[in-house]
Amino acid sequence: MSKVVLDVSMSLDGFTAGPDVRAEEPMGDGGERLHEWMAGTGPDARVFEEVNAMVGATVIGRRTFDLGLRPWGGTPWPGVPSFVVTHRTREDLLGDNGGTFAFDGLEPAVRRAKDAAGDKDVLVMGADVAGQLLAAGLLDEVYLHLAPVVLGRGTSVFSGHVGELVPQGEPVAGVATHRRYRVVATTG
């Protein structure tokens, strides 16, 4: 059965995007540096391949969708269905790369994504939607990629939501440090 996994790159000071997120800089000022590990070799390349292999569907926050559609040119993973969490639903959208975007509320989006993912996982994209999933008890794991970057300010993951994470397996050290956590409890 598929899991709902937040796959997120984060700075050493806890930000998942830099300050001043906008259309011209969807990751905010300096935020793209959080993803430099993805072009790496050795352990970083193996983790990147592992993440790509596990994606069966995505759940995306509306702001992440709005900012990411142009740079992605379609869905974040070619041919993979994406479910955008929004109060402003619209007709489904076919991406240039064969993936589809469907628009729905939080719980229906997760349910549909899990059905679409089959035996693969549902990856979560967007700090706000990640916090909502944690608060609703719908997040199963966090796959954290801690980048050797200090942004000073920006977007925090979970933004005030509370939960308990238990480390799974051993960390993988490359340019970034990669660590999996299982979500065991949520409160507040």
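Under an unreviewed UniProt entry, the protein chain has the name Dihydrofolate reductase and belongs to Amycolatopsis roodepoortensis.

Taken as a whole, the largest pocket encloses approximately 1100 Å³ of empty space. Lining the largest pocket are 43 residues, with Met-27, Thr-64, Trp-72, Met-125 and Gly-126 sitting closest to its centre. At 7 residues, the largest contribution of residues to the lining of the largest pocket is made by helix H2 (residues 62-72). Looking at the lining of the largest pocket, its residues break down into 23 nonpolar, 15 polar and 5 charged.

Below, the discussion takes up the side chain of Asp-7. With respect to the helices and strands, the residue Asp-7 is situated in strand E1 (residues 4-10). One buried charged residue, Asp-7, remains without a salt bridge, the closest side chain of opposite sign being Arg-180 at 7.0 Å. A polar atom in the side chain of Asp-7 sits 2.6 Å from the side chain of His-145. Contacts of Asp-7, omitting those with residues within four sequence positions, involve Val-51, Leu-123, Val-124, Tyr-143 and His-145.

Now for the UniProt feature "domain: Bacterial bifunctional deaminase-reductase C-terminal" (unreviewed entry) in the protein chain. In this numbering, the UniProt entry assigns the feature "domain: Bacterial bifunctional deaminase-reductase C-terminal" (unreviewed entry) to residues 3-160. Helix makes up 28% of residues 3-160 and strand 26%, and the two end C-alpha atoms of the span are 23 Å apart.

What follows is about the nonpolar core. Of all hydrophobic cores here, the largest spans 26 residues; its most connected members are Leu-6, Val-124, Leu-139, Val-142 and Phe-158. The set of elements that each furnish at least two residues to this core consists of E1, strand E3 (55-61), strand E4 (82-85), helix H3 (106-117), strand E7 (121-125), helix H4 (127-135) and strand E8 (141-146). The dominant element in this core, judged by the number of residues it contributes, is H3, at 5 residues. With near-sequence residues (within four places) excluded, Phe-158 lies in contact with Leu-6, Ala-127, Ala-130, Gly-131, Leu-134, Leu-139 and Val-142. Listed in part, the 17 residues of the second largest apolar core include Val-5, Val-55, Leu-123 and Met-125.

Our next topic: the packing of aromatic side chains. The tally for this structure, following the rule as stated, stands at 3 aromatic pairs. Where Phe-65 meets Phe-101, the ring centres are 5.0 Å apart and the plane angle is 70°; that geometry is what we call edge-to-face. A residue pair is termed long-range when its members are at least 10 positions apart, and Phe-65 in helix H2 and Phe-101 in strand E6 (residues 100-104) qualify at 36 residues. This pair shows no difference in class: Phe-65 is buried, exactly as Phe-101 is. Geometrically, the ring pair formed by Phe-65 and Phe-103 is edge-to-face, given 5.2 Å between the ring centres and 85° between the ring planes. Separated by 38 residues along the polypeptide, Phe-65 in helix H2 and Phe-103 in strand E6 bring together distant segments of the chain. Pairwise contacts between aromatic rings join Phe-65, Phe-101 and Phe-103 into one cluster. In this arrangement the basic side chain of Arg-180 is found over the ring face of Tyr-143, its NZ or CZ atom lying 4.1 Å from the centre.

Conventions adopted
- Residues numbered from 1 in each chain as written.
- Predicted model: local features only at pLDDT ≥ 70, side-chain atom pairs only at ≥ 80, totals over all residues.
- Heavy atoms only, no water.
- 1 Å grid on protein atoms, 1.4 Å probe; cavity = no way out; pocket = protein on both sides within 12 Å on 5 of 7 lines; lining within 4 Å.
- Points joined across faces, edges and corners; volume = space filled by probe spheres on them.
- Helix = DSSP H or I, 4+ residues; strand = E, 2+ residues; numbered from the N terminus.
- Nonpolar A, V, L, I, M, F, W, Y, C, P; charged D, E, K, R; others polar.
- Buried < 20%, exposed > 50% of the residue type's maximum accessible area, 1.4 Å probe, protein only.
- Lys, Arg positive; Asp, Glu negative; His and termini not counted.
- Salt bridge = Lys/Arg side-chain N within 4 Å of Asp/Glu carboxyl O.
- Polar contact = N/O pair within 3.5 Å; in protein donor to acceptor, adjacent residues only side chain to side chain.
- Contact = heavy atoms within 4.5 Å.
- UniProt positions renumbered as here; feature names shortened; annotations may be inferred.
- Core = buried A, V, L, I, M, F, W, Y, C linked by side-chain atoms within 4.5 Å.
- Phe/Tyr/Trp six-rings, centres within 6.5 Å; stacked < 30°, edge-to-face > 60°.
- Lys NZ or Arg CZ within 6 Å of the ring centre and 35° of its normal.

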